[in-house]
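Here is what each chain is made of, one letter per residue.
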Amino acid sequence: IFFFGVILITIFWDFRGKAIQSGIASLPKGGQLSLRVIAIIVIVLIILLLPLASGPFIAQVIVTVALFVLMGLGLNITLGFAGLLDLGFVAFYAIGAYTVGLLTSYGPFGLQHIPFWVAVPIAVLVSMGAGFMLGLPVLGIRGDYLAIATLGFGEIVRLLAGSDFLAPFFGGPQGIIGIQKPCLGLLEPFVRVDVPRICNGIELGKPQDIYYIAVASALLIAFAAWRLRESRLGRAWMSIREDEDVAEALGVNLIQTKLLAYMLGAAMAGLGGAIFATLIGSIFATSMQLLVSINVVSLIIVGGMGSIPGVIVGAIALIGLPELLREISEFRFLLYGATLITMMITKPEGLWPSQATRRELHHAEVEVDVKA
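The following refers to the structure shown.

**Examining the overall build of the protein chain**
So, point 1. A count of helices and strands for the protein chain gives 16 helices and four strands.
So, point 2. Taking 21 Å as the expected radius of gyration for a compact globule of 372 residues, we find that the protein chain reaches 22 Å, a close match to that expectation.
So, point 3. Seen along its three principal axes, the alpha-carbon backbone of the protein chain occupies a region of about 75 × 50 × 45 Å.
So, point 4. In the protein chain, 72% of the contacts between residues at least 6 apart in sequence involve partners at least 24 apart.
So, point 5. Of the roughly 19700 Å² of accessible surface on the protein chain, a fraction of 71% belongs to carbon and sulfur atoms.
So, point 6. Separation of charge centres in the protein chain, based on 22 positive and 23 negative side chains, amounts to 8 Å.

**Here we look at the pattern of salt bridges**
So, point 1. For the coordinates displayed, the defined rule picks out six salt bridges.
So, point 2. Salt-bridge contacts for R158 lead to E155; the nearest nitrogen and oxygen are separated by 2.8 Å. Residue R158 and its partner E155 are located together in helix α6 (residues 143-161), separated by three residues, close to a single helical turn.
So, point 3. The closest approach of N and O atoms between E244 and K258, which form a salt bridge, is 3.0 Å.

**Considering the packing of helix α8 (residues 207-229) against helix α11 (residues 254-280)**
So, point 1. Interhelical geometry of α8 versus α11 gives an angle of 175 degrees and a closest axis separation of 10 Å. Classified by the angle their axes make, α8 and α11 are roughly antiparallel. For the pair formed by α8 and α11, the contact residues are P207, I210, I213, A214, S217, I221 and L228 on the first element and L264, M268, L271, I275, T278 and L279 on the second.
So, point 2. Of the residues belonging to the contact of α8 with α11, the class tally is 11 nonpolar, two polar and no charged.

**A look at the side chain of K181**
So, point 1. Structurally, K181 is set in the loop between β1 (176-177) and β2 (183-187).
So, point 2. At 8.2 Å, E203 is the nearest oppositely charged side chain to K181, a buried residue that forms no salt bridge.
So, point 3. A distance of 2.6 Å separates a polar atom in the side chain of K181 from the backbone oxygen of T278.
So, point 4. Looking at K181, its side chain comes within polar contact range of the main-chain oxygen of L279, at 3.1 Å.
So, point 5. Among all residues touching K181, those that are not within four sequence positions of it are E203, L204, G205, T278, L279, I280 and G281.

**A word on the nonpolar core**
So, point 1. Counting residues in hydrophobic clusters, the biggest one holds 83 residues, and the most contacted among them are M71, L73, F92, I275, I283 and M288.
So, point 2. For this core, the element with the highest residue contribution is helix α3 (residues 56-81), accounting for 14 residues.
So, point 3. Counting five residues, the second-largest nonpolar core is a separate cluster that includes A236, I240, A247 and V252.

**Examining the packing of aromatic side chains**
Any aromatic ring pair is given by two values, namely how distant the centres are and how the planes are angled relative to each other.
So, point 1. Within the structure shown, the criterion is met by eight aromatic pairs.
So, point 2. Taking the centre distance of 5.0 Å and the plane angle of 80 degrees together, the rings of F116 and W117 count as edge-to-face.
So, point 3. Taking relative accessible area as the criterion, F116 reaches 5% and is therefore assigned buried.
So, point 4. Each residue in the set F89, F92 and F153 is aromatic and connected to the rest through ring pairs, giving one cluster.
So, point 5. One cation-aromatic arrangement involves R227 over W226; the distance from NZ or CZ to the ring centre is 5.5 Å.

**A look at the environment of K347**
So, point 1. Residue position: K347 is located in the loop between α14 (332-346) and α15 (355-361).
So, point 2. What makes K347 partly exposed here is its relative accessible area of 30%.
So, point 3. Separated by 111 residues in the primary sequence, K347 and A236 have C-alpha atoms spaced 28 Å apart.

Basis of the calculations
Residues numbered from 1 in each chain as written. Predicted model: local features only at pLDDT ≥ 70, side-chain atom pairs only at ≥ 80, totals over all residues. Heavy atoms only, no water. Helix = DSSP H or I, 4+ residues; strand = E, 2+ residues; numbered from the N terminus. Rg over C-alpha atoms; globule rule 2.2 N^0.38 Å. Contact = heavy atoms within 4.5 Å. Areas by Shrake-Rupley, 256 points an atom, 1.4 Å probe, with all protein chains shown as cover. Lys, Arg positive; Asp, Glu negative; His and termini not counted. Charge placed at Lys NZ, Arg CZ, Asp CG, Glu CD. Salt bridge = Lys/Arg side-chain N within 4 Å of Asp/Glu carboxyl O. Axes fitted to C-alpha atoms, helices over the stretch in contact; angles between N-to-C directions. Parallel < 35°, antiparallel > 145°, perpendicular 65-115°, else oblique. Nonpolar A, V, L, I, M, F, W, Y, C, P; charged D, E, K, R; others polar. Buried < 20%, exposed > 50% of the residue type's maximum accessible area, 1.4 Å probe, protein only. Polar contact = N/O pair within 3.5 Å; in protein donor to acceptor, adjacent residues only side chain to side chain. Core = buried A, V, L, I, M, F, W, Y, C linked by side-chain atoms within 4.5 Å. Phe/Tyr/Trp six-rings, centres within 6.5 Å; stacked < 30°, edge-to-face > 60°. Lys NZ or Arg CZ within 6 Å of the ring centre and 35° of its normal.

This is how it looks when you write it as structure tokens:
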């Protein structure tokens, strides 16, 4: 139903989209404002009521999509804005997850006395520090060489987290289990290490509960990414993406600007990892495979490079669609791959590209329209 519904909406918009946009543009400002307010109210109601009407499976799918949106927004700063290809982005996701696991778990490797709401900011800061550590040694590397270097960083983090050498600290192959769920209230002081702390309030343990945390985090980070793109720093990132030498000649501090891109992108990925660890209740090194980084890069390309709405649409298409197609079992990835190939042939700029990307890929069409 979802799949064919999207197809019908797409076909309808291809035929009537411009007419609808023209009709809205011809309305007075008061009418346009009223339409925006109504649209915002409808979207908010859908967001609030969806987990109550859909059940735990759909809620968990949406949480998964929201987590990839968080990572996609982070990598969109590094890759989409600054043009720095990072194939080891899953490392920051793992660092955020392990930090929350170590600080909140009541298992043998957890400190247990830190609640979720305090552990998450710490995880974000630790991930930012990891982004700074990655950014320093790779500042002078460009292009494909940068992708290989960051790929190595991601594999190093995964192997260290699952190694026997660091097993006394990170659990090794056994991972970290017993991660405490978020609590709206106070946690009782812990006495034993292997017993969860009692929540004197509302415990957010179900996927429907984590849904609100994940969606609120994704919306907050999307707003922050939008403000960053329109800022002076965002323009500096985009100038580096186009030409580093020209950007430096115009006064852009390459070291500072690149480090900020790595650090802010890592912080967003760390937030996604923190929520993921809480949702699952455990964290293992095997969950942090290279495929996660590849999926994040893919959703940015499919959604539209440098486009914030494109990240959301790409996450829905690449992460949500395969989950919703579990009804057709092993054939879901066949349909998924065929859809990707078709989409990249027909819309190489992405599902929701930025204006700059659209102009670059359809430059000839724009020139024809101008001459006409």
